[in-house]
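Listed below, chain by chain, are the residues.
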Amino acid sequence: MLGTRSILPIAAVLTLTLGAGTPALHAQQTGPVLDGSPPPEWPQSITRDDRGRATVRAIRLDAPLTLDGRLDEAVYSDYAPFGDFVQVVPDAGSPATERTDVWVMFDDENIYVTCRCFDTAPPEEWVVNELRRDTPGNRNNEHFGVMFDTFYDRRSGVMFYANPLGARSDYSVVDEGNSNTDWNPVWDVVGGEFDGGWVVEMEIPFKSLRYVSGDDQLWGFQIRRSIRHKNEWTYLNPVPTSMAGPQGLNKVSVGGTLVGLELPSAGNNLELKPYAIGGLTTNRLVDPAVSNDVTGDIGLDLKYGLTANLTADVTVNTDFAQVEVDEQQVNLTRFSLFFPEKREFFLEGRGTFDFGQGGSGSFFGRGGGGGFSRGGGDRPTLFYSRRIGLDRGEVVPIRAGGRVTGKVGPFSVGAVNIQTGDIEETGIESTNYSVVRVKRDILTRSAVGALFTNRSVAVDGGGSSQSYGLDASFGFGDNFEMGGYWARTETPTLGGDDTSWQAALNYSGDTYGVTASHLSIGEAFNPEVGFLRRSDFDKSSGSLRFSPRPASISWIRKLTWQGNLDYFEDGAGRMESRRQSGRFSVEMESADQLSFTRTRDFDRLDVPFEVATDLAVPRGRYTFTNNRLWFRAGEQRRLSGSVSYQWGAYYHGELKSLSLSQGRLVVTNQFSLEPGVSLNLIDLPEGDSDQTVFRLRSDYAFSPRMFASALVQYNTATDYLSSNVRFRWEYAPGSELFVVWTDDRDTGFGGTGLRTRALAIKLTRLLRY
């Protein structure tokens, strides 16, 4: 049996009882049978303030907890469960409809979170069909999750959640911004079922977390349970109705408080992760062509805790062979496409480097972005990590790199330095990339900061280039934010206006929403370690939203009416583009959604716009209107996804588009198919064009730690057929084996056939000291 010790002022229990409708456990349940009334010797270990936020204590264990999904250790009978979770949807503020018991415990090495989730529905009605790690499917299963704000700054947190099968997900949030789902700490989880519900036991090593050492430390704390078959989301601490759904866990500022922790020293942890890789490569696009060339290499990633709050990462001879290929996109605009970052080294800690985003991560306007992988809209991204190690689709070797991220008092700091090699055949020079980010917390939900980037060899080779800027965001209450940024670039070969700035405000209440912003980008603004979709313009934007929740219509959860306006002027003050749109949408209690959007565009073309090979829209002024009908089947269904149909004018012609995105068919709990298609038929007086991408991803999970996936894509515009097959096995915590096969072919009439092909086998080993 697991040992425990008497409760001290600094050590007690967090146990939560969720909701109403509590069934008694059947005799075969291995844990204690509870009737909801703790005996007198059980201490009351949870209190709430006048806003309903909980303060709870944790159990100190004398021996490690055994993860087996049985809950038969003494701690589960010696300490009482508590709770009173509340719904955020469908009935905001009401008690949860199902009961959940939760315990939080710790020993010298780990913090443990255990839940016992009762459910009055039979198991065949539960939504439990995902085994893979870090997938949207897990979020749309029955699941239980926890958030820790380990620095108790009410701004940033780390999140862990799992379903009854033991499929786990984790992510981090900085300043209540976008989720970094590519944060992959070492931790363990086991799920299980009993007659009347299911359980989850989590074990999170302290070495996987950053925190302040010592006794009596305070952590921010939130718990979420999804009762997905009811489309019900419940939380320990109440969250704003505007955060209805899973995103309430990201609202760190409304979390409760976890007390009683006796934390081990957090500094100077060392992790080494060496790798070895070998494979075969065929490339018929180079001269001379390469056929079944045998390759092999070794490298090392290192992580070291400089202090309790600062972590250094070093990478030597970096390899990204295990990364899935990009999903192909169809571009019907005259501006560049944005592809997300997928390489692990650049994804970890990316939130620290977000610039000009604000607390919500997006209030600076639709289509914005920042940091490592987000962006692609009209607002520029000062640091876009795909500029490092990739050049016009060609992989550039990364010789070595380092990163430091963390907090120093009220300051969030980040620094990156990467050295890439050269490629003589294509004239790519060895280049050094540097990025420095500093951000200062002020007030409750506000911050000011600065960002600097440097590229030692400019894109045209004429010296170095730099970007630098200042940004600020201010949050007031739960729903109102405002902020802005100013940035400048220095490129040796460019002259003129090299600045960019933006001011924005956003009110995002549940029933009403308002946004307004102004964005300016000069003709010489050129962030060469960033991403710029278009330049030399001023953009004014605004939107109004009304989204009531009609109580009189039982099958409708929410109705939304929204109007948007984007107005562009070029550097000479002439109108260049304008977009006016109106949208009506219905969110149903079943989680299905339906919307209709009507858009009216004006676009001035000073040069012809090439829509496809040998097909262009002439210079001129164009006004055109189109419509879009969109439906999304609730993601908890075995068959889910979004289908849209767009029709109407396109410049001086017509456009018809049909798309299927985020499609998923759950064949079994282990096997799923994810189809996708973007079919676009363009009819212009100058000619016709068919631009279509077909995509099919299949996934098979052998266990929560082992899976295989395949991605097949076909692009009708290029007649390219590509395939990418990946096998991943986490054979020990943090240690992995990858087998990756890629194949790219030109299938068009007179095409070259095979273009490139590669097989790679990669082995990593995590060593923790």
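Structure shown above.
Residues numbered from 1 in each chain as written. Predicted model: local features only at pLDDT ≥ 70, side-chain atom pairs only at ≥ 80, totals over all residues. Heavy atoms only, no water.

## Re the environment of serine 709
Move 1: As for its position among the elements, serine 709 is in strand 40 (residues 706–715).
Move 2: For the pair serine 709 and aspartate 153, spaced 556 residues apart in sequence, the C-alpha separation works out to 39 Å.
Move 3: In this view, serine 709 contacts Ser698, Asp699, Asn724, Val725 and Arg726; residues no more than four positions away in its chain are not counted. (Helix = DSSP H or I, 4+ residues; strand = E, 2+ residues; numbered from the N terminus. Contact = heavy atoms within 4.5 Å.)

## Considerations on a negative patch on the surface
Move 1: Side chains of Asp422, Glu424, Glu425 and Glu429 sit close together on the surface and give a patch of like negative charge.
Move 2: Here glutamate 429 is to be found in the loop between strand 22 (411–420) and strand 23 (431–442). (Patch = residues over 30% accessible without salt bridge, like charges linked within 9 Å, V, L, I, M, F, W, Y side chains within 5 Å. Areas by Shrake-Rupley, 256 points an atom, 1.4 Å probe, with all protein chains shown as cover. Salt bridge = Lys/Arg side-chain N within 4 Å of Asp/Glu carboxyl O. Lys, Arg positive; Asp, Glu negative; His and termini not counted. Charge placed at Lys NZ, Arg CZ, Asp CG, Glu CD.)

## As for the packing of aromatic side chains
Move 1: Counted under the stated rule, the structure contains 33 aromatic pairs.
Move 2: A ring pair is formed by phenylalanine 624 and tyrosine 650, whose centres lie 6.5 Å apart and whose planes are at 65 degrees; its orientation type is edge-to-face. In this pair, phenylalanine 624 sits in strand 35 (residues 620–633) while tyrosine 650 sits in strand 36 (residues 639–650), placing the two residues 26 residues apart along the sequence.
Move 3: When its relative accessible area of 7% is taken as the criterion, phenylalanine 624 is described as buried.
Move 4: Note on tyrosine 650: relative accessible area 5%, which makes it buried.
Move 5: Each residue in the set Phe148, Phe206, Tyr211, Trp219 and Phe221 is aromatic and connected to the rest through ring pairs, giving one cluster.
Move 6: Over the aromatic face of tyrosine 275 sits the side chain of lysine 762, whose NZ or CZ is 4.8 Å from the ring centroid. (Phe/Tyr/Trp six-rings, centres within 6.5 Å; stacked < 30°, edge-to-face > 60°. Buried < 20%, exposed > 50% of the residue type's maximum accessible area, 1.4 Å probe, protein only. Lys NZ or Arg CZ within 6 Å of the ring centre and 35° of its normal.)

## Topic: the nonpolar core
Move 1: Within the largest apolar cluster, 42 residues are counted, with the highest numbers of intra-cluster contacts made by Ile111, Phe148, Phe160, Met202, Trp219, Phe221 and Leu258.
Move 2: Listed by contribution, the elements that provide at least two residues to this core are strand 2 (54–57), strand 5 (100–106), strand 6 (110–118), strand 7 (143–149), strand 8 (157–162), strand 12 (197–205), strand 13 (214–227) and strand 15 (256–263).
Move 3: Beyond its immediate chain neighbours, meaning those up to four positions away, leucine 258 contacts Val56, Arg57, Ala58, Val104, Ile111, Phe148, Gln217, Leu218, Trp219 and Phe221. (Core = buried A, V, L, I, M, F, W, Y, C linked by side-chain atoms within 4.5 Å.)

## As for the pattern of salt bridges
Move 1: According to the stated counting rule, one finds 55 salt bridges in the structure shown.
Move 2: Here glutamate 176 ties to arginine 445 by a salt bridge, and the two come within 3.4 Å at their closest N and O atoms. One end of the pair, glutamate 176, is in the loop between strand 9 (168–173) and strand 10 (179–180); the other, arginine 445, is in the loop between strand 23 and strand 24 (446–455), and 269 residues separate them in sequence. Of the two residues, glutamate 176 and arginine 445, both sit in the buried class.
Move 3: For the salt bridge of arginine 604 with aspartate 570, the shortest nitrogen-to-oxygen distance reads 2.8 Å. A residue pair is termed long-range when its members are at least 10 positions apart, and arginine 604 in strand 32 (residues 593–605) and aspartate 570 in strand 30 (residues 556–570) qualify at 34 residues. Both residues of the pair, arginine 604 and aspartate 570, belong to the buried class.
Move 4: Because the salt bridges share partners, they merge into one network encompassing Arg133, Asp134, Arg168, Asp170, Asp188, Lys273, Arg705, Arg728, Glu730 and Glu736.

## Considerations on the sheet that holds strand 11 (residues 188–194)
Move 1: Pairing is mixed across the open sheet formed by 5 strands, whose spatial order is 3-5-6-12-11. Bordering the open sheet on either side are strand 3 (59–60) and strand 11, each of which pairs with just one other strand.
Move 2: Across 2 bridges, strand 3 lies against strand 5 in parallel orientation. Directly across from isoleucine 59, in strand 5, lies its bridge partner methionine 105. (Pairing = 2+ DSSP bridges.)

## What to know about unusual backbone geometry
Move 1: Cis geometry marks the peptide bond from valine 89 to proline 90, where omega comes out at 5 degrees.
Move 2: The topology assignment puts proline 90 in the loop between strand 4 (86–89) and strand 5.
Move 3: Cis peptide bonds are those with omega within 30 degrees of zero, and the linkage from aspartate 287 to proline 288 qualifies with 5 degrees.
Move 4: Secondary-structure assignment places proline 288 in the loop between strand 16 (270–283) and strand 17 (290–305).
Move 5: At glutamate 176, a residue that is not glycine, the phi angle is positive and equals roughly 55 degrees.
Move 6: According to the relative accessible area criterion, glutamate 176 is buried, its value standing at 11%.

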